[in-house]
Amino acid sequence: MPLRGGLGASRVVLPSFAKGRAPAACLLDFMAQRFASVSRADWTQRFAAGDVLLANGSPASADSPLHSGQTLYYYRTVAEEKPIPFAAHVLWQDEHLVVADKPHFLPVVPSGQYLRETLLVRLKEQLQLPHLSPLHRIDRDTAGVVVFGVRAQDRGAYQQLFRQRSVDKVYECIAPYRAALAPALAQGLERSSRIEPSPAHFMQQCEVDAPPHQHNAHTTIRLLAHQGQWAHYQLHPRTGQRHQLRVHMAALGLPIRYDGIYPTLTPEGSSNYAEPLQLLASSIAFADPITGQHRFFASQRSLLAL
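Now for a description of the structure that goes with this document. (Residues numbered from 1 in each chain as written. Predicted model: local features only at pLDDT ≥ 70, side-chain atom pairs only at ≥ 80, totals over all residues. Heavy atoms only, no water.)

**Comments concerning empty space enclosed by the protein**
Taken as a whole, this structure holds one cavity of 30 Å³ or more when the rule is applied. Its volume calculated, the largest cavity comes out at about 40 Å³. Taken together, H136, I138, V145, K169, V170, Y171, A281, S282, S283 and I284 form the lining of the largest cavity. Elements that contribute at least two residues to the lining of the largest cavity include exactly β8 (168-176) and β13 (279-287). When grouped by side-chain class, the residues that make up the lining of the largest cavity number six nonpolar, three polar and one charged. (1 Å grid on protein atoms, 1.4 Å probe; cavity = no way out; pocket = protein on both sides within 12 Å on 5 of 7 lines; lining within 4 Å. Points joined across faces, edges and corners; volume = space filled by probe spheres on them. Helix = DSSP H or I, 4+ residues; strand = E, 2+ residues; numbered from the N terminus. Nonpolar A, V, L, I, M, F, W, Y, C, P; charged D, E, K, R; others polar.)

Dropping the structure here:
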């Protein structure tokens, strides 16, 4: 199905059923039952707007009967999605890759209340690349380099690089300065631990006691400069656990500046555009499995001055 404002269509396939045993009286009933988190009134509006399509691309009628194994396509919507007033910049584009420099506050992919105001959907619309797909993720709160695959047939080869940890990712952050840790951090402090979902809140991760052979998160943390109470650090993750860098810095007593999750979780929706998380995905490098070229991409963004 064609993109609509950069948004691709989602697909649902009706189950197989015996004649006279359809799971709903009509398509509207089926969609309202199948996706109970979306109101029936919303589905009624989507059918009326032509946002539910048959396999041939024509609009589906809400009162049409169901057919066993029938395929429907629909376009997601989010009521009153708030614009995010920051733009990404394309650092590189060729037939295989798109590399973007993401701003703070912009999610990479649609999730929850974010749909069109995401990096993926914006790039699909801007570049007219319907098969564009992120090869890795960074948090909504984090700025910096994100790499996308252009062609579906290349995606597996690139994603294998990340699974095999054959990608060199470097981050930078601003966090408190601790004189007691400075000598170790100046040489490059190795933080190794086991990170799991926190029992306190689904938004948080936490370190848990585990023997070294069960550690699943490894980061090299290096002090680059400091001024007063703040310092500039380079972070080199060798694994990719959720919130790994934020958890490791907080565990050292060095929570990243303006972190709204670690060590203290702030209420949802309390983002302050004047205080972006001081974490930047500053560069990424790898051997391209398709072209054989050495790839290196660096963010043009910077963190707050010390």
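**Some points on the sheet that holds strand β1 (residues 10-13)**
The antiparallel open sheet is built from three strands, whose spatial order is β1-β3-β2. One side of each edge strand has no neighbouring strand; the edge strands of this open sheet are β1 and β2 (52-54). Strand-to-strand twist in this sheet, taken as the mean axis angle between neighbours without regard to direction, amounts to 30°. (Pairing = 2+ DSSP bridges. Axes fitted to C-alpha atoms, helices over the stretch in contact; angles between N-to-C directions.)

**Considerations on the layout of surface pockets**
When its volume is computed, the second largest pocket comes out at roughly 170 Å³. Around the second largest pocket sit G6, L7, G8, S10, R76, V109, P110, L115, L120, V121 and K124, which together line it. Element by element, the count of residues in the lining of the second largest pocket is highest for helix α3 (residues 119-127), at three residues. Residues of the lining of the second largest pocket, tallied by class, amount to six nonpolar, three polar and two charged.

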